[in-house]
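# Structural description and commentary
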Amino acid sequence: MSEPSGPLDRFSILVVDDEAVVRDSLQEWFSQEGYQVEAAASAPEALTALAKSEFDLVIADIRMPGMDGVELLEKIQAEKLEAAVILITGYASVESAVRALKLGAFDYLTKPFDPDDLSAVVRNALERQLLRRENRQLRDQLASGGVLSEIIGVSEAMRKVKEQIEMVAAVDSTVLVEGRSGTGKELVARAIHRLSPRRFHPLVVVHCGALTETLIESELFGHEKGAFTGAQHRRKGKFEAAMGGTVFLDEIADISLKTQTDLLRVLQEREVVRVGGTQAIPVDFRVIAATNRNLEQMVKEGLFRADLYYRLHVFRIYLPALRERPSDVPVLATHFLEKYSRKMGRHFHGFQRAALDKLSSHAWPGNVRELENCIERALVVSSEPVIRAEDLVLGEGRALAPLSGYSLECVEKNHILRVLEEFSWNQTQAAKALGIDRVTLYHKIKRYELKQSAKALSSPEAAVKGTRG
Amino acid sequence: MILVPVGEFPAQLLAELSRRSGLASGPGIDAPQSAYHARRNQYDSTQLLCRLKQFQPGAVMGVTQLDLFIPVLRYVFGEAEMGGRAAIFSVCRLREEFYGLPPNPALLIERAMRELWHETGHLLGLAHCRDPLCVMSSSHAVEQVDTKNGSLCRDCQCRANVLSEERGIALP
Ligand SMILES: Nc1ncnc2c1ncn2[C@@H]1O[C@H](COP(=O)(O)OP(=O)(O)OP(=O)(O)O)[C@@H](O)[C@H]1O
Ligand SMILES: [Mg+2]
Ligand SMILES: [Zn+2]
Ligand SMILES: [Zn+2]
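Rules behind the numbers
- Residues numbered from 1 in each chain as written.
- Chains lettered and ligands numbered in written order.
- Predicted model: local features only at pLDDT ≥ 70, side-chain atom pairs only at ≥ 80, totals over all residues.
- Heavy atoms only, no water.
- Near = heavy atom within 4 Å.
- Polar contact = N/O pair within 3.5 Å; in protein donor to acceptor, adjacent residues only side chain to side chain.
- Areas by Shrake-Rupley, 256 points an atom, 1.4 Å probe, with all protein chains shown as cover.
- Helix = DSSP H or I, 4+ residues; strand = E, 2+ residues; numbered from the N terminus.
- Domains from an automatic or database assignment.
- Donors = N, O, S within 2.8 Å, 3.2 Å for Na, K, Ca; no water.
- Tetrahedral: all angles 85-135°; square planar, octahedral: opposite > 155°, others 65-115°.
- Buried < 20%, exposed > 50% of the residue type's maximum accessible area, 1.4 Å probe, protein only.
- pLDDT = per-residue confidence, 0-100.

Moving on to the site of ligand 1. All names here are of chain A. Near ligand 1 you find 18 residues, and of these Ile152, Ser181, Lys185, Arg369 and Glu372 are the closest. Between ligand 1 and Gly182 there is a distance of 2.9 Å, counted from an oxygen atom to a backbone nitrogen or oxygen. One nitrogen or oxygen atom from the side chain of Lys185 is found 2.6 Å from an oxygen atom belonging to ligand 1. Its free accessible area being 630 Å², ligand 1 has 85% of it covered by the protein chains. Within the residue set of the shell around ligand 1, elements represented by two or more residues are helix H7 (185-195), helix H13 (328-344) and helix H15 (367-381). The residue makeup of the shell around ligand 1 includes at least three contributed by each of domain 2 (145-319) and domain 3 (322-391).

All names here are of chain B. Around the zinc ion (ligand 4), the donor atoms from the protein are Cys129 (SG), Cys134 (SG), Cys153 (SG) and Cys156 (SG), and they sit 2.3 to 2.4 Å away. Viewed at the metal, the four donor atoms of the zinc ion (ligand 4) are separated by angles of 102 to 115 degrees, and the geometry they form is tetrahedral. In primary-sequence terms, the residues that donate to the zinc ion (ligand 4) follow C-x4-C-x18-C-x2-C. Comparing Cys153 with Cys156 shows no difference in burial state: the two are buried.

Regions with low pLDDT carry predicted coordinates that are not meant to be interpreted in detail. Residue and element names in this part refer to chain B. Considering every residue of chain B, the mean pLDDT works out to 91; 99% of them sit at 70 or more. Mean pLDDT values over the elements of chain B span from 84, in helix H5 (residues 154-167), up to 97, in strand S5 (residues 60-64). Scoring the predicted complex yields pTM 0.49 and, for the interface, ipTM 0.74.

And the structure:
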């Protein structure tokens, strides 16, 4: 039984000493500790090694002929290398060691030292290096445009959303993201995770709307072998799988009252009991939930547990519908134009005035997703380097698929597709309108292989093909 | 591999180590004067390793009761060439007497066997293990030696099996 070896194993150390015995014994000692070690016989040799590959730690004697350890430290600092520096001194050179600390050495050791002291100093230095590395990664991400720059929007509402994301990412509270279908709820949830201290752990997504009650329970909490028909192996649930990360519960309004109760218990106790199991397993996670329904209203109607609602909306981020933030439409359109021209390897200059006007006057019931699909389609059909108004196919003007058969199945399939289109593929709303439950709708979509495909909607001809399946 | 005492070494302890490890013990060698550091009253383990290699053409495990050091460290329990053929360990700091306690021969032999295993592991090419119960966890203090349960953890055992076959060095 051994612990998984920690991240310290992957560190590399450069030993610098003019005395071969010291060099060799330290090199031997560090390689026994499991580190990657190289040795250099002088400061210039060390600089050559540092130029060739990156080291996490340099451990150097202060007294060396030619360039000494302190000068080496200064060079390392001047080059802005990431390596931490530990200096070894004799009694005679303690003064220069203290000077070295002021210059930025991590620590110094006076010869001879206890093996335990060497271990401890090296471990401390490497732990600091690990922290620095993580911070650098984050800085790089932010400098390269960063997580938030993927969320496009210049409206006051979106500026506030970005501010809220930054604020809530740092704390560990539960977040409820509300907004109509296609407003960017999942995008926001991912951004929160990636900016949070949990970012080095998994983000697990549960689409609550797509699963039956039994399945969702086992998806969330896991199950023991034989817990229900079909449970042939024991399985970890998403809360266990998150392992210190974030669980994103999408379409939270779609879970049954029974599952709501179980979920509430997990949020309170921070423990899960697998379906068919008895043992409580401690779990460490953060929850971000999303919904396109009005949960408050559902609470009033007794469809959603009030106590769960209050637990979820500790921090609430509301994404307004696209038509409520018209200034975002042109920037989003340009963003998607660039995104898809890059993908298709084509070059587009932009939009004609009339095209932009057309985009601005549309109501966007399917919000940003609809806009994204619309731009992608326009790029597919356009032969010009500029997008014209007629390249843009918008909801109301779209011809519905003509009937392609008279069997009940065929009619059902077409009808479902129409209703889905009507509700911009919001399955909950579509199911309600169809008078069937959401899970049934979900299975019908699967069975008829219905897809919200860009191409299928780009021309009437393709749409016919789409319905014939 | 052969067990070679360096300097004076109690015959009974040597016989017991040989019996438990199944390693034959060869004739002893003297510690060279050049390895002695008068101010520290210790022996440089790296130099002793060199001497052992001159003396023995094959794999060799030195045992000694001299106190060992390497220039930068105040002391070491032992030293091995990682993946090499020579290692040495000292029982000096494994004795209860060293810490002002009454002698405990049974404990001494347990500790010495763990060190023998440990250095053999290094000879095979095993690095220090993070499992404090594993014989390959680092031993910089006698408390760490006592924490180990005298055998390799499963991971180290797997690696050791492969390496010992490759290198032709038997595990004690
Ligand atoms: N502000 C934005 N900037 C860039 N892309 C966006 C923005 N908002 C949404 N999108 C894009 O629109 C699409 C839909 O977004 P997302 O899946 O996050 O919406 P949603 O609110 O979760 O929708 P649903 O309720 O239907 O699941 C995605 O491709 C997403 O990248
Ligand atoms: Mg979504
Ligand atoms: Zn060791
Ligand atoms: Zn081990």
